[in-house]
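# Examining the three-dimensional arrangement
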Amino acid sequence: MPQKPPRRRTQPVQTLQPIAPPQLVDAPAYSTIRQGPATNTLTKMQPNARRNLSVDPVTGEARITQGPLSVTITDFDRLAGLRVSTYQLLDALTAALTQSGTKNPFVVLPLEEYMAKRGLKNKKETRKQVMEDLESLFNARISFQDKIPNSRDRNFHDIRILDSKGIQNGLICVSFGTMFYEILSNYPIMPYPERLWTINAKHNPNSFYFLRKIAEHKNMNAGKKNEDVLSVSTLLSATPNLPFYEEVKGAGRQVNQRIIEPFERDMDALRDTLKWAYCHSNNKPLTAEELENMDYDTFRSLLVKIDWTTYPDQTARLERKTEQTAQAKRQKNPPRRKRRAPPEEE
């Protein structure tokens, strides 16, 4: 039996009451970005020698594996690695590609525009960070299997993310890898909370991973009853920065201090974008007693209810989806023509 962490709160925590749908507005706090299984998995990865990282002692080439996707990085030891700022930059470049119409793999993003997105002030330090992250992306190759509806799965091996990169005259200039660009071009577009670019990973190391996963979940389940409900276990699996239960279960209060408290802290850090509360199935809130006496097994089994501050209006998109589904159904099952009755004999 898992050890029950000591009591975490002296006062009952008020849970969210049933909430109305988020305000349906074209909020300025959202961008748009092409995304799919490969990029969604990639942006949750972080090298960890105990979990997913192996390094060739001769070549220095590293391999990081998470589920069906692996990343191979040359000259791993001299690079900054895959970190939150790497994914913030990749998402900014992908957003620029998306907003340009995805017409070609070349992207030019002004450094000052990127600084404004990130809320950064020091141009010299930003330039240094961008160059480090570009170098990591340039040296990375991804391998994965892509599932395509109504078609055979495709296997991709050693796909380059970037073919070229650099900063010239204050402009971040990249060319996405040919196959990576083709994959991105066929991925759907989702609303991207711009809060993702301003998250400080030093203060809240899990917040980027949580918010990106929540945004992906809402986009994937738009119009469904569960679009704003997902499990604690799903969020735990989205972040590489929280230890596994097995790593801390025998260390007294550490289950609480190293897993539950950081989880709540980094979810609370998203308060300007969303509110959240634990719940059971059917959105049933926890009682004060359940919150007060929550152990790890209970924590991991819970759901999280999300209340977005604002969210872009999805009405037109859902109407198109409904029409496309109906059209596909009509094409699959066309109405049968009535057979004409034979003429009556005189």
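Residues numbered from 1 in each chain as written. Predicted model: local features only at pLDDT ≥ 70, side-chain atom pairs only at ≥ 80, totals over all residues. Heavy atoms only, no water.

## Considerations on the environment of Gln66
With respect to the helices and strands, Gln66 occurs in strand 4 (residues 62–66). With 15 residues separating them along the chain, Gln66 and Arg51 place their C-alpha atoms 9.0 Å apart. Sequence-distant contacts of Gln66, that is, excluding residues within four places in its chain, are made with Thr41, Lys44, Met45 and Asn52. (Helix = DSSP H or I, 4+ residues; strand = E, 2+ residues; numbered from the N terminus. Contact = heavy atoms within 4.5 Å.)

## Looking at the packing of helix 3 (residues 111–118) against helix 4 (residues 123–138)
Between helix 3 and helix 4, whose axes approach to 11 Å, the crossing angle comes to 95°. Between helix 3 and helix 4, the crossing angle belongs to the class labelled roughly perpendicular. Contact residues: helix 3 offers Leu111, Glu112, Tyr114, Met115 and Arg118, while helix 4 offers Lys123, Thr126, Arg127, Gln129 and Val130. Considered class by class, the residues forming the contact of helix 3 with helix 4 number four nonpolar, two polar and four charged. (Axes fitted to C-alpha atoms, helices over the stretch in contact; angles between N-to-C directions. Parallel < 35°, antiparallel > 145°, perpendicular 65-115°, else oblique. Nonpolar A, V, L, I, M, F, W, Y, C, P; charged D, E, K, R; others polar.)

## Some words on unusual backbone geometry
Even without being glycine, Asp158 reaches a positive phi, approximately 55°. Note on placement: Asp158 falls in strand 8 (residues 154–160). Positive phi values are uncommon outside glycine, yet Asn282 reaches one of about 60°. Residue classification places Asn282 among the exposed residues on the basis of a relative accessible area of 76%. (Buried < 20%, exposed > 50% of the residue type's maximum accessible area, 1.4 Å probe, protein only.)

## Notes on the packing of aromatic side chains
Throughout the structure, instances matching the rule amount to 15 aromatic pairs. With a centroid separation of 6.5 Å and an interplanar angle of 55°, the aromatic rings of Tyr30 and Trp308 are classed as tilted. Of this pair, Tyr30 sits in strand 2 (residues 30–34) while Trp308 sits in strand 14 (residues 303–308), and the two are 278 residues apart along the sequence. Cluster of aromatic residues (ring-pair linked, three or more members): Phe210, Tyr245, Phe263, Trp276, Tyr278, Tyr296 and Phe299. The cationic tip of Arg160 hangs over the ring face of Phe138; the distance from NZ or CZ to the ring centre is 4.5 Å. Note that Lys165 overlies the ring of Phe138, its terminal NZ or CZ placed 5.1 Å from the centroid. (Phe/Tyr/Trp six-rings, centres within 6.5 Å; stacked < 30°, edge-to-face > 60°. Lys NZ or Arg CZ within 6 Å of the ring centre and 35° of its normal.)

## Thoughts on the side chain of Ser175
Secondary-structure assignment places Ser175 in strand 10 (residues 171–176). Ignoring sequence-local partners within four residues, the contact set of Ser175 consists of Pro105, Phe106, Leu162, Asp163 and Ser164.

## Focus on the sheet that holds strand 9 (residues 162–168)
Read from one edge to the other, the open sheet built from three strands follows the order 6-10-9, with strand pairing classed as antiparallel. The open sheet has two edge strands with one neighbour each: strand 6 (106–110) and strand 9. Each adjacent strand pair in this sheet contributes to an overall mean axis angle of 15°, direction not counted. As defined by bridge partners, strand 6 adjoins strand 10 across five bridges and the pair is classed as antiparallel. By the bridge assignment for strand 10, Pro110 is matched with Leu171. Its contacts with the sheet put helix 3 on strand 6 and strand 10, and the angle it makes with strand 6 is roughly 70°. (Pairing = 2+ DSSP bridges.)

## Looking at the nonpolar core
The biggest cluster of nonpolar side chains holds 83 residues, and the ones touching the most others in it are Ile172, Phe176, Phe263, Met267, Tyr278 and Phe299. Per element, the largest residue contribution to this core is nine residues, and it comes from helix 2 (residues 84–99). Beyond its immediate stretch of four places on either side in the chain, Phe299 contacts Val232, Leu236, Ile259, Ile260, Phe263, Tyr278 and Met294. (Core = buried A, V, L, I, M, F, W, Y, C linked by side-chain atoms within 4.5 Å.)

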